[in-house]
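# A closer look at the structure
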Amino acid sequence: MDPTHQGPEEYGQNANDSDRSDGRRRPSRESNAADFGQPTPQQVRVVQVTVGDLLLTVNPVDGSEVEACPPGSEPDAPVRRTPAERTDHERAGAPPVPAGPPAPQLPLLERQEERERLAGLLARGRSVRLTGQAGSGRTALLDAVAADCTDLAPDGVVRLSGHRRTGADLLYGVFDAIYRAPLHRPGPEELLALVRSIGAVVVIDDLEIGGAALDGLLEATPECAFLFGTAPDLTAPGVDAHLEEVLLAGLGRSASLELLEKVVERPLTEDERNWAGDLWFESEGLPLRFVQAGSLLRQRDRLNTDPAAFDEYEYFEPRPDDAPPVPEAPTAETLDVPLPSLGEGAAPAVLLASRLSEAARETLRFTVALGGEVPHQAHLPALVGDTHADAALGELAGCGLLSPAGPRYRLAAGVLAQLEAGGYAESAAAHARTAAQHYAWWVSHPSVTPQRAVAEADAIVAAMSRLVPDGEAGQASAAVLLARSAAPALAAGMSWGAWEKALRVGQEAARIAGEVAEEAYFHHELGVLALCSGNLDRARTELETSISMRGALADKSGAVAGRRALALVADRSGGFAPPVRSQTGEEVPAVRHDLLAGTPPVGSPAPPPFARQTVEEDPTLISSLPPGPRATAPKPGGGRVLLGGARRNLAAAGAGALLVAVLGTVVTLGLTAGDPEEPGSRNVTTEQSSPEGTPEDASPADEPDEGPAPDDGAPGEEAPATPGTSASATPSTSGSPSPAPSSPDGSSPGTGEPSSTLPTEDPTSDGPSPSGKPTTPTKPPTTPPTTPPTTPPTETPTTPPTETPTEEPPPPPDTTSSASGPAESAGASASSTADAPAQSEDPTEAAA
């Protein structure tokens, strides 16, 4: 396309309809001028990732949601990459080329024997472990061997970094280098089936796993030949691993001097050769020390040529026009800058950094604050505050202070300790907080893809980890903000090792800062991560913690997301078994049969008590049955009652027993609470009957007293009684009502109304019971009349009626009597029984 042509091809339109204005053309910037100053709502980036047979929805707001993969939405099978795609993928994972002058290419000296041996072992399919000290040149040797084995295996060479990587991370790294599966993370079984068929030479530098984890990696990839670069103190693998061991020693004296000359790019003087010989003895021939020593000599040469080369106007900073002129170079006799001391040559980081630009030194301060992780050069201008700070990475790399680690750089071996001793860690907390705030803003920007966030994962995790041990609320809050922003991006970028680290650091930071809502979010994410990884016990613990915390915060949407994930955990662990309803499996069908059959016939044995309790506790047994046969039962009078029969008798018997216990307790307290010598101690009685329509819980004292009030007498004195004939109220065996005692004027005692010999419907009267059985007569009120009776009635204590059997009684003759139920008869019998001892004591006290 012609760059001067303003056609709409790049926007998806044809040249013929360029004049159309149907809303698909990009709006002009002037139309948004009125929106300046108003916050533009950012769209939440929701990413869906398939994890085995699960569908993970990374939701940055309420938390990630996981569910079973719906039918028809399964991802496509992973496809092997072509050789060109593997090359592009490897190039994308290489560290960026530093800005600034290119560094000299150094040869690989005295490593030809090790190089040939490693390539020969890999050609035979053997895995090798290259062991050497940090700074011994392992990375350079691995690069050379990888170049020799390019066409050795069908799947080529896979380069990985083992720095802060677990065995699972490395296994998924091997899969990602060979297969193309966007937004798909295979499950453990699928992953093992895929990597088992991979045939490649896998080169892993800075390996940090050993023992059983390394054995598992080797066992999972039987068709791969591994070349590990490890430190001597790493745990050795098991005997069954069959790893060849190759030791990497330092360089000889002559090779060290040759390397030093390659770095300086000139021949060495006699003094410099002697100084290099002492350095070789001190450093045991480590190549890194001679690379750094060569940088010291280059700085010395620059000082000999230009004494103002390292003044306030830095090497990469242009000198302004009004700056004072550079003094003329002095004579040769005064240009001899002394050589560094032996100690400075063995630990040259501080001296090298002192002669770098201010941007480079500030970059080193940020690097020290991040534990040796160097931010990407694109972040240095924002962190340092200098637009030319991206050139600082080239300065540091050219001095030998950096070493590549996967797609990034980090401080070389031993440099971090030297810089900390030189005072570069004094403001580490402030620099770490600045880096955390910058990364939190950057990773939340819509233009930042998850892949770019994964490339900075080590620096992001290091920034938040540095803030947590301080214990300050401000530092912890910055770590929480960074973890909250970076965790969804790391999850969507398939870097689950970094995702887990960010979640754990964020959870600890939220606990320190007291941010309960964020702590609940991190617990939820950890539970989802454990569920996707197959650790169901850990997932259940984390999700239950998150649900309880969100419930306390009234976070309904978050709690619902947690319950959904917890339900999936229970489903996968077999936790959806139906609740136990009975001790054995035969009681539940029996209960269902009784309910469907309606009321059992009279005389049939009642169902066991625990079966009824099971039905009442579990409403699903009742609601799932048809309501016709068991909902109602016909009555003889045409009406319908709910759940009649044995169930009604059981409820009535329970109510009667409860009423007996309550009345007995009241009578006992009335008899024993007061002192016999105190007045009114014998005034408590339960003999007064309630009128019809009075509630059962109403007190007789609440009713108006129509009878005359008793005369005040001595304490404990009662109305005199005339000894004579005594009437015993005995219930009639024939079922006919017995006449109630009446006053001489023909009225009932205490009422003033004429007595009637006709039976009434009052359940408290002496008439027949609704069931036709004899009932205990009720004693009239004990209000003393004006004229004391000649013969006080004395009642004989009656035996309480027997308990109503569980069988269905005969239907009552009318609805009024059936409404009273056996509960009232039981209560009446309890009242007469409780009153009997009190009545028998009154004549004795009166006679005394």
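Residues numbered from 1 in each chain as written. Predicted model: local features only at pLDDT ≥ 70, side-chain atom pairs only at ≥ 80, totals over all residues. Heavy atoms only, no water.

## Observations regarding the packing of aromatic side chains
Tallied over the entire structure, the rule returns 5 aromatic pairs. Relative to Trp-442, the ring of Tyr-439 has its centre 6.3 Å away and its plane inclined at 75 degrees; by these criteria the two rings are edge-to-face. Taken together, the residues span about one helical turn, with Tyr-439 and Trp-442 both in helix α16 (residues 428-443) at a distance of 3 residues. Across from the ring centre of Tyr-172, 3.6 Å away, lies the NZ or CZ of Arg-185, which sits over that ring. (Phe/Tyr/Trp six-rings, centres within 6.5 Å; stacked < 30°, edge-to-face > 60°. Helix = DSSP H or I, 4+ residues; strand = E, 2+ residues; numbered from the N terminus. Lys NZ or Arg CZ within 6 Å of the ring centre and 35° of its normal.)

## Brief notes about the environment of Gln-475
Secondary-structure assignment places Gln-475 in helix α19 (residues 473-492). Taking relative accessible area as the criterion, Gln-475 reaches 7% and is therefore assigned buried. Linking Gln-475 and Ala-513, residues 38 residues apart in sequence, is a C-alpha distance of 8.5 Å. (Buried < 20%, exposed > 50% of the residue type's maximum accessible area, 1.4 Å probe, protein only.)

## Some thoughts on helix α7 (residues 253-264)
Its 12 residues give α7 an end-to-end C-alpha distance of 17 Å, which sits within 8% of 16 Å, the value for a rise of 1.5 Å per residue. All buried positions along α7 are accounted for by Ala-255, Ser-256, Leu-257, Leu-259, Leu-260, Val-263 and Val-264. Note on α7: the residue one or two positions beyond its end, Glu-265, has a positive phi of about 65 degrees. (Expected span 1.5 Å × (residues − 1).)

## Regarding helix α6 (residues 212-220)
Looking at α6, one finds that the buried residues are Leu-214, Leu-217, Leu-218 and Ala-220. Around the axis of α6, the buried residues are gathered within 165 degrees of arc, so they sit on the same side. When the buried face of α6 is taken as reference, the exposed residues oriented beyond 90 degrees from it are Ala-212 and Glu-219. (Arc of directions from axis to C-beta.)

## Things to note about the sheet that holds strand β1 (residues 47-51)
Strands sit in the order β3-β2-β1-β8 across an open sheet of 4 strands; the sheet is mixed. The sheet is open, and its two edges are formed by β3 (65-68) and β8 (184-185), each paired on a single side. Pairing geometry for strand β2 (residues 54-58) and β3, over 4 bridges, is antiparallel. When the sheet's bridge partners are listed, Thr-57 is paired in β3 with Glu-65. Across the sheet, helix α23 (residues 556-572) is in contact with β2 and β3; its angle to β3 comes to roughly 40 degrees. (Pairing = 2+ DSSP bridges. Contact = heavy atoms within 4.5 Å. Axes fitted to C-alpha atoms, helices over the stretch in contact; angles between N-to-C directions.)

## Looking at the pattern of salt bridges
Under the criterion given, the structure shown has 29 salt bridges. The closest approach of N and O atoms between Arg-138 and Asp-206, which form a salt bridge, is 3.1 Å. Residue Arg-138 is found in helix α3 (residues 138-148), and its partner Asp-206 is found in the loop between β9 (201-205) and α6; the two are separated by 68 residues along the sequence. For Arg-138, a relative accessible area of 11% puts it in the buried group. Ionic contacts of the salt-bridge type, sharing partners, join the residues Arg-164, Glu-373, Arg-408, Arg-410 and Glu-456 into one network. (Salt bridge = Lys/Arg side-chain N within 4 Å of Asp/Glu carboxyl O.)

## Side note on the packing of α7 against helix α9 (residues 287-305)
Contact pair α7 / α9: the axes reach a minimum separation of 8 Å and the direction vectors enclose 40 degrees. Taken together, the axes of α7 and α9 lie oblique to each other. For the pair α7 and α9, the sense of crossing is right-handed. Contacts from Ser-256, Leu-259, Leu-260, Val-263 and Val-264 in α7 reach Pro-287, Phe-290, Val-291, Ala-293, Gly-294, Ser-295, Leu-297, Arg-298 and Asp-301 in α9. In terms of residue class, the contact of α7 with α9 is built from 9 nonpolar, 3 polar and 2 charged. (Parallel < 35°, antiparallel > 145°, perpendicular 65-115°, else oblique. Left-handed = near helix turned anticlockwise from the far one by under 90°. Nonpolar A, V, L, I, M, F, W, Y, C, P; charged D, E, K, R; others polar.)

## As for the sheet that holds strand β11 (residues 243-248)
Taken in spatial order, the 5 strands line up as β6-β9-β10-β5-β11 in an open sheet, and their pairing is parallel. Since the sheet does not close on itself, it has two edges, and those belong to β6 (157-161) and β11, each with one partner. Neighbouring strand axes in the sheet, compared pairwise and without regard to direction, differ in orientation by 15 degrees on average. The sheet strands contacting helix α2 (residues 112-123) are β5 (127-132), β9, β10 (225-230) and β11, and the helix crosses β11 at an angle near 170 degrees. Sitting on the sheet, α3 is in contact with β5, β6, β9, β10 and β11, with an inclination near 170 degrees to β9.

## A word on unusual backbone geometry
Notably, Asp-206 is not glycine yet its phi reads approximately 55 degrees, a positive angle. With phi around 60 degrees, Glu-284 is a residue other than glycine that occupies positive phi space. Checked against the element boundaries, Glu-284 lands in the loop between α8 (270-283) and α9.

## Observations concerning the pairing of β10
With respect to burial, β10 is a largely interior element, 6 of its 6 residues being buried. In β10, alternate side chains face the same way, and those of Ala-225, Leu-227 and Gly-229 on one face and Phe-226, Phe-228 and Thr-230 on the other are all buried. Where β5 meets β10, 4 bridges bridge the pair, whose relative direction is parallel. Residue pairing for β10: Val-128 is matched across the bridge by Leu-227. With 4 bridges joining them, β9 and β10 adopt parallel strand pairing. In the strand pairing of β10, Val-201 is matched with Ala-225.

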